[in-house]
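Geometric and topological summary
Here is what each chain is made of, one letter per residue.
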Amino acid sequence: MSIFEYNGSAIVAMVGKNCFAIASDRRLGVQLQTVATDFQRIYKIHDKLYIGLAGLATDAQTLHQRLVFRHNLYQLREERNMKPETFASLVSAVLYEKRFGPYFCQPVIAGLGEKDEPFICTMDSIGAKELAKDFVVGGTASESLYGACESMYKPNMEPDELFETISQALLASVDRDCLSGWGGHVILVTPTEVTERKLKGRMD
């Protein structure tokens, strides 16, 4: 088994009309044994920027702390929040620094940039960025997430429709992956508000 699959994970970010949603499963496992059913995989950087970390849970928590530290330094020096594109470059640089002994994480970044343009991207464990205009996925359920998102995604969705689409895609996908699941955690961000909801899924 790959070290990336050790704890199991499923993360997806999707773009709507001047909004985005990012969702993850809630299971923390040790291979096929479930350890926790309320594990946090999505972290807030600031009100309009979030990062989901799939992969090894301990590395994800360490990487999150380092990224918050770097972002706080940026805020003190620049007196403003980081743009999503800038933050993606920071994450890429932090991962590449450790390329000979990498963090076993696959980040999924989602944010609202200038003029409330949504930005999403993902990268591998050494920081090679992959940008997208519709959706990005990560974790052990990524294959089934690709299929569900490709069949359900439509451009320029309103926030309510985007929430429904990402929720259905996540729940349908984790049912097809025995290493992730146990409900979901969805964050929907528009220029004016942030909505956070928990999804109840299959509990087996």
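In the annotation of an unreviewed UniProt entry, the entry for the protein chain reads Proteasome subunit beta, and the organism field reads Acorus calamus.

Pairing is antiparallel across the open sheet formed by five strands, whose spatial order is S5-S6-S7-S8-S9. Only two strands of the sheet have a single neighbouring strand rather than two, namely strand S5 (42–46) and strand S9 (129–132). Mean inter-strand twist for the sheet, computed between neighbouring axes without regard to direction, equals 20 degrees. Sheet analysis places strand S6 (residues 49–55) next to strand S7 (residues 105–112), joined by seven bridges and oriented antiparallel. Across the sheet, the residue bridging to Gly 52 is Val 108, located in S7. In the packing of helix H1 (residues 57–78) onto the sheet, contacts are made with S5, S6 and S7, and the angle to S6 comes to roughly 155 degrees.

Below, the discussion takes up unusual backbone geometry. With phi around 55 degrees, Gln 31 is a residue other than glycine that occupies positive phi space. Locating Gln 31 in the fold gives a position in the loop between strand S3 (28–30) and strand S4 (33–36). Classification of Gln 31 as partly exposed rests on a relative accessible area of 38%. The phi dihedral of Glu 79 falls on the positive side, at around 60 degrees, and the residue is not glycine. Since its relative accessible area comes to 72%, Glu 79 is described here as exposed.

The rules we used
- Residues numbered from 1 in each chain as written.
- Predicted model: local features only at pLDDT ≥ 70, side-chain atom pairs only at ≥ 80, totals over all residues.
- Heavy atoms only, no water.
- Pairing = 2+ DSSP bridges.
- Helix = DSSP H or I, 4+ residues; strand = E, 2+ residues; numbered from the N terminus.
- Axes fitted to C-alpha atoms, helices over the stretch in contact; angles between N-to-C directions.
- Contact = heavy atoms within 4.5 Å.
- Buried < 20%, exposed > 50% of the residue type's maximum accessible area, 1.4 Å probe, protein only.

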